[in-house]
Amino acid sequence: MSVTDYTPTIDTGGPAQPLLTVNHLRKYFPVRGGILGRTQAQVQAVDGVSFAVAKGETLGIVGESGCGKSTTAKLLIGLTEKDAGEIIFDGHALGERLSLKDLRRSVQMVFQDSYATLNPRMTILASVAFGARVQGLEDPEGLARKMMDRVGLDPNRFAHRYPHELSGGQRQRVNIARALAMSPRLVVLDEAVSALDKSVEAQVLNLLSDLRAEFGLTYIFISHDLNVVRYISDRILVMYLGEVVEIAPVDSIWQEQAHPYTRSLFSAMPSMDPDNRTQTPPLAGDPPNPIDPPKGCRFHTRCRFASDVCKAKTPSLAGLARNQAHQVACHLYDSTSGHPQAGQGIPA
Amino acid sequence: MKLLDISNLSVKFSGKRTVHAINNVSLSMEQGETLALLGESGSGKSVTLKALLGLLPPKRTQIDGQVHVNGTDVLGLKGKALQKYRGGEVSMVFQEPALALDPVYTVGHQIAESVMRHKGIDKANAMATALDMLDRVRIPSANRRLHNYPHELSGGMRQRVMIALALACKPKLLLADEPTTALDATVQIQILLLLRELQKEFGMGVIFVTHDIGVAVEISERVAVMYAGQIAEEGTTREIIRDPRHPYTQGLLAANLHDVARGARLNAIPGAPPALESKPDSCAFAPRCPVAMPECRAALPPVFEPGPRRRVACLRANEPIAAE
Ligand SMILES: Nc1ncnc2c1ncn2[C@@H]1O[C@H](COP(=O)(O)OP(=O)(O)O)[C@@H](O)[C@H]1O
Ligand SMILES: Nc1ncnc2c1ncn2[C@@H]1O[C@H](COP(=O)(O)OP(=O)(O)O)[C@@H](O)[C@H]1O
Ligand code: SF4
Ligand SMILES: [Mg+2]
Ligand SMILES: [Mg+2]
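Please read all numbers here as calculations on a predicted model, not as lab measurements.

(A) Representation of the nonpolar core within the structure. One finds V128, I176, L205, L208, L211 and F221 of chain A to be the most contacted residues of the largest nonpolar core, which totals 73 residues. Top element by residues in this core is helix α8 (residues 198-215) of chain A. It accounts for eight residues. Among all residues touching V128 of chain A, those that are not within four sequence positions of it are A144, M147, M148, V174, A177, R178 and A181 of chain A. One finds I22, A51, A228 and Y248 of chain B within the second-largest nonpolar core, a separate group that totals 60 residues.

(B) Geometry of the sheet that holds strand β8 (residues 205-210) of chain B. Residues and elements named next belong to chain B. Strands sit in the order β6-β7-β8-β3-β9-β10-β12-β11 across an open sheet of eight strands; the sheet is mixed. Every interior strand has two partners, whereas the edge strands, β6 (90-93) and β11 (303-307), have only one. Adjacent strand axes in the sheet meet at a mean angle of 20° when their direction is disregarded. Here four bridges tie β6 to strand β7 (residues 173-177), and the two strands are oriented parallel to one another. Note that in β7 the partner of V90 across the bridge is L173.

(C) Representation of the site of ligand 3 within the structure. All residues in the neighbourhood of ligand 3 are listed as H259, P260, C297, H300, C303, F305, A306, C310, C330, H331, L332 and H339 of chain A. Classifying every residue of the shell around ligand 3 by side-chain character gives eight nonpolar, four polar and no charged.

(D) Representation of the site of ligand 2 in the model. All names here are of chain B. Lining the immediate environment of ligand 2, one finds 13 residues, of which G42, G44, K45, S46 and V47 sit closest. In this structure, an oxygen atom belonging to ligand 2 sits 2.7 Å away from a main-chain N or O atom of G42. Side-chain polar atom of K45 to an oxygen atom of ligand 2: 2.8 Å apart, as the coordinates give it. Protein burial of ligand 2: of its 560 Å² of free accessible surface, 71% is covered by the chains. At the level of secondary structure, the elements contributing two or more residues to the shell around ligand 2 comprise β2 (19-29) and α1 (45-52). With three residues, α1 is the largest single contributor of residues to the shell around ligand 2. Class assignment for the residues of the shell around ligand 2 results in four nonpolar, five polar and four charged.

(E) Structural detail: the state of the cysteines. Applying the stated criterion across every chain, the model contains zero disulfides over all chains. In this structure C314 of chain B is not part of a disulfide, and its nearest cysteine sulfur, from C289 of chain B, lies 6.2 Å away.

(F) Summary view of the environment of L37 of chain B. Residue and element names in this part refer to chain B. For L37, the location among the structural elements is in strand β3 (residues 34-38). On the basis of relative accessibility, which here comes to 1%, the residue L37 falls in the buried class. Counting along the chain gives 197 residues from L37 to E234, while the straight-line C-alpha distance between them is 9.4 Å. Look past the residues within four positions of L37 in its chain and what remains in contact with it is L27, K45, T48, I207, F208, V209, T210, A224 and M226.

(G) Highlighting the domain arrangement of chain B. All names here are of chain B. Each assigned domain of chain B is listed with its residue range as follows: domain 1 (4-89 + 171-313) and domain 2 (94-170). A straight line from the C-alpha centre of domain 1 to that of domain 2 covers 28 Å. Across the boundary between the two partners, domain 1 contributes 24 residues, which contact 15 residues of domain 2. For the pair domain 1 and domain 2, the summed buried area comes to about 1,700 Å², and 64% of that belongs to carbon and sulfur atoms. Across the domain 1-domain 2 interface, the total number found is two salt bridges.

(H) Main features of α1 of chain B. Residue and element names in this part refer to chain B. Burial analysis of α1 places six of its eight residues in the buried class, which makes it a mostly covered element. Regarding α1, the residues found buried are K45, V47, T48, L49, A51 and L52. G54 sits one or two positions beyond α1 and adopts a positive phi of about 60°.

(I) Region of the structure containing the packing of aromatic side chains. All names here are of chain A. Inspection of the entire model under this criterion finds eight aromatic pairs over all chains. Between the aromatic rings of Y6 and F215, the centroid separation amounts to 4.2 Å while the plane-to-plane angle is 10°, which identifies the pairing as stacked. Of this pair, Y6 sits in the segment before β1 (20-32) while F215 sits in helix α8, and the two are 209 residues apart along the sequence. Relative accessible area serves as the criterion here: at 13%, F215 is assigned to the buried category. For the ring pair Y240 and F299, a centre distance of 5.1 Å and an interplane angle of 85° mean the geometry is edge-to-face. Of this pair, Y240 sits in strand β9 (residues 235-240) while F299 is found in the loop between α11 (260-267) and α12 (308-312), placing the two residues 59 residues apart along the sequence. Ring-pair connections join several aromatic residues into one group, and the members of that group are Y240, Y261 and F299. Positioned over the ring face of Y28 is R26, at 5.3 Å from the centre of the ring. Cation over ring: R161 sits above F158, and NZ or CZ is 4.7 Å from the ring centre.

(J) Structural context of the packing of helix α6 (residues 155-167) of chain B against helix α7 (residues 185-202) of chain B. Residues and elements named next belong to chain B. Where α6 contacts α7, the two axes come as close as 11 Å, and the packing angle between them is 15°. With respect to α7, the element α6 is oriented roughly parallel. As for how α6 packs across α7, the hand of that crossing is right-handed. Mapping the contact onto sequence places G156, Q159, R160, I163 and L167 in α6 and V187, Q190, I191, L194, L195, L198 and F202 in α7. A breakdown of the residues in the contact of α6 with α7 according to their chemical character gives eight nonpolar, three polar and one charged.

The rules behind these values
Residues numbered from 1 in each chain as written. Chains lettered and ligands numbered in written order. Predicted model: local features only at pLDDT ≥ 70, side-chain atom pairs only at ≥ 80, totals over all residues. Heavy atoms only, no water. Core = buried A, V, L, I, M, F, W, Y, C linked by side-chain atoms within 4.5 Å. Buried < 20%, exposed > 50% of the residue type's maximum accessible area, 1.4 Å probe, protein only. Helix = DSSP H or I, 4+ residues; strand = E, 2+ residues; numbered from the N terminus. Contact = heavy atoms within 4.5 Å. Pairing = 2+ DSSP bridges. Axes fitted to C-alpha atoms, helices over the stretch in contact; angles between N-to-C directions. Near = heavy atom within 4 Å. Nonpolar A, V, L, I, M, F, W, Y, C, P; charged D, E, K, R; others polar. Polar contact = N/O pair within 3.5 Å; in protein donor to acceptor, adjacent residues only side chain to side chain. Areas by Shrake-Rupley, 256 points an atom, 1.4 Å probe, with all protein chains shown as cover. Disulfide = S-S within 2.5 Å. Domains from an automatic or database assignment. Buried area = accessible area lost by both parts, 1.4 Å probe. Salt bridge = Lys/Arg side-chain N within 4 Å of Asp/Glu carboxyl O. Phe/Tyr/Trp six-rings, centres within 6.5 Å; stacked < 30°, edge-to-face > 60°. Lys NZ or Arg CZ within 6 Å of the ring centre and 35° of its normal. Parallel < 35°, antiparallel > 145°, perpendicular 65-115°, else oblique. Left-handed = near helix turned anticlockwise from the far one by under 90°.

Here you go:
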């Protein structure tokens with residue numbers, strides 16, 4: 001693999017301009033039901049999500065299943081059509097100066113279920129070369145061989161094999177090679193290592209770190225495993241029922257989770273200390289249904305600190321006094337919110 | 001009497017391909033103990049539990065060795081005796097509640113049925129037991145939930161019902177096959193703490209299968225680490241976490257990323273577990289082991305016993321320097 005094989009689109013805005021900016025992204029899914037199959041309700045999968053990813057940064061996204069992580073990812077690359085919101089890639093807004101085709105070349109995605117995403121009747125080589133061929137790149141097979149080699153799959157051994165002949169870890173390497181063959185600048189990894197055994201997961205994480213350094217990649221790394229997200233990310237974004245509740249540099253959020261939900265999520269991690277096991281579960285019950293999410297702060301039905309204002313008014317994201325880069329959406333941090341305990345953050 | 005005594009258990013599947021799933025496993029448990037079977041996929045955890053429940057398909061399975069639960073020779077059980085043993089003396093909870101719960105019956109009916117079958121009590125008393133069990137697994141408004149069908153419950157609630165069903169006949173040994181793996185972290189910890197409480201309350205033994213060391217720490221006093229259908233290492237949870245001796249256990253702990261510096265290169269175990277087409281006749285971990293020596297590839301490693309009920313199947317386990 002040489003640098004000349006990697007031909008990403010040119011950097012237009014310079015290092016200070018975010019590679020990706022997302023503003024007020026929204027996606028509701030209609031849920032059909034009733035005798036006539038009429039639309040009865042909407043799943044508010046993603047509701048007003050905004051964030052930016054800097055060039056070369058890795059943004060981790062965490063949250064429980066159904067909170068909208070995958071939908072967010074699919075909206076980013078136009079796999080799911082957004083209802084509203086803005087997607088700006090290196091200064092160019094999608095639908096204005098940027099076409100979906102251009103976006104899809106620069107942003108690639110790797111999913112969890114490597115089996116479902118690979119065509120079972122295509123050889124590994126054909127799968128890796130596929131995107132490059134569709135894009136009309138030169139010598140797609142030669143490129144595919146180099147990419148296979150780069151992700152640790154000897155092309156002489158694996159080129160003509162089929163997905164079912166590979167282990168889960170090998171298939172995930174194929175998916176990474178296939179994404180890289182398009183010379184993307186941003187790679188969205190949606191639970192990309194979650195199905196792997198721990199020892200194999202560590203190998204793939206090493207590979208992802210190497211590739212990021214070598215090709216100057218930017219990652220959005222989605223996972224339910226907080227330890228993995230901490231390890232690989234620069235910043236962490238926490239979602240709850242379709243909304244962003246907190247976004248912060250890793251060290252800052254690891255040291256102090258500002259949002260009551262984030263704090264519960266972190267406390268739910270198994271302890272790893274036999275002499276200091278978890279004594280009480282941080283939350284009771286299952287997450288509520290995104291079909292009819294609670295009004296106001298969506299977490300208020302499970303929050304220990306909820307007051308009347310939380311049921312009525314939706315808190316917006318704002319920087320903490322101690323660190324403006326650490327943003328949280330909770331009335332406890334807004335002294336003008338009307339929350340009786342507002343101002344000091346989570347009460348001791 | 002020992003709760004569980006497995007000696008030299010081997011399970012071989014034949015068919016399209018041969019798999020030596022379990023290879024000379026010996027394991028024992030005292031009454032009321034909690035043991036985590038920890039290992040990666042394919043290491044033989046589920047097959048071990050199935051052997052304990054007499055659930056392996058007889059035609060394609062060759063089983064050798066002995067399994068005794070409370071003195072009962074499990075591998076010799078057949079017909080009625082086997083039915084009585086399953087769900088009575090020993091019961092199981094799964095990752096997927098659908099494996100245990102029948103969609104066409106209410107949850108109360110299912111629990112009551114099982115109690116009537118095993119304890120021979122009448123319907124009214126069995127329903128009372130079912131209600132009591134739903135209460136004990138902390139299902140809110142248990143009275144109403146008794147008449148729900150499984151699909152009317154949330155994921156975490158179904159998991160609780162499955163536990164209620166498994167415990168209704170007061171088993172001496174509960175087998176749990178990754179029952180929290182598919183759950184979100186905040187629900188998982190609720191179920192783990194519930195199981196921990198119920199275990200104390202009922203005084204039963206528990207074997208909890210997991211691939212997650214953190215889960216093992218939360219749930220069990222003892223851990224047996226499985227690799228390639230063998231026990232690589234066994235000890236108290238404290239010993240396994242504080243003083244892992246087998247290079248595989250050490251690798252697994254590092255791969256948990258619990259206290260790895262951000263962005264630091266991971267000491268990943270290379271390669272993948274063996275396919276087990278033949279029975280291991282040398283250390284099964286040697287091809288991936290950072291400290292393997294020629295002797296490791298020549299014969300099965302000796303089992304080193306650094307303390308009571310502590311063992312490590314590694315030639316180098318006795319060396320003072322931990323593997324890097
Ligand atoms: N194609 C779809 N049609 C209807 N509902 C969907 C669809 N995709 C996702 N959802 C719903 O949207 C919510 C968010 O889902 P998802 O983004 O997959 O969450 P996550 O990845 O965080 O688990 C869930 O309630 C899910 O059931
Ligand atoms: N019924 C079966 N027939 C053939 N092979 C099986 C059967 N059940 C399990 N195996 C094989 O036995 C090995 C151990 O499986 P299992 O105990 O399910 O592993 P795990 O540790 O992931 O629970 C695997 O290689 C698996 O493919
Ligand atoms: S806004 Fe209110 S309900 Fe929401 S997290 Fe903060 S205190 Fe809790
Ligand atoms: Mg998802
Ligand atoms: Mg299993």
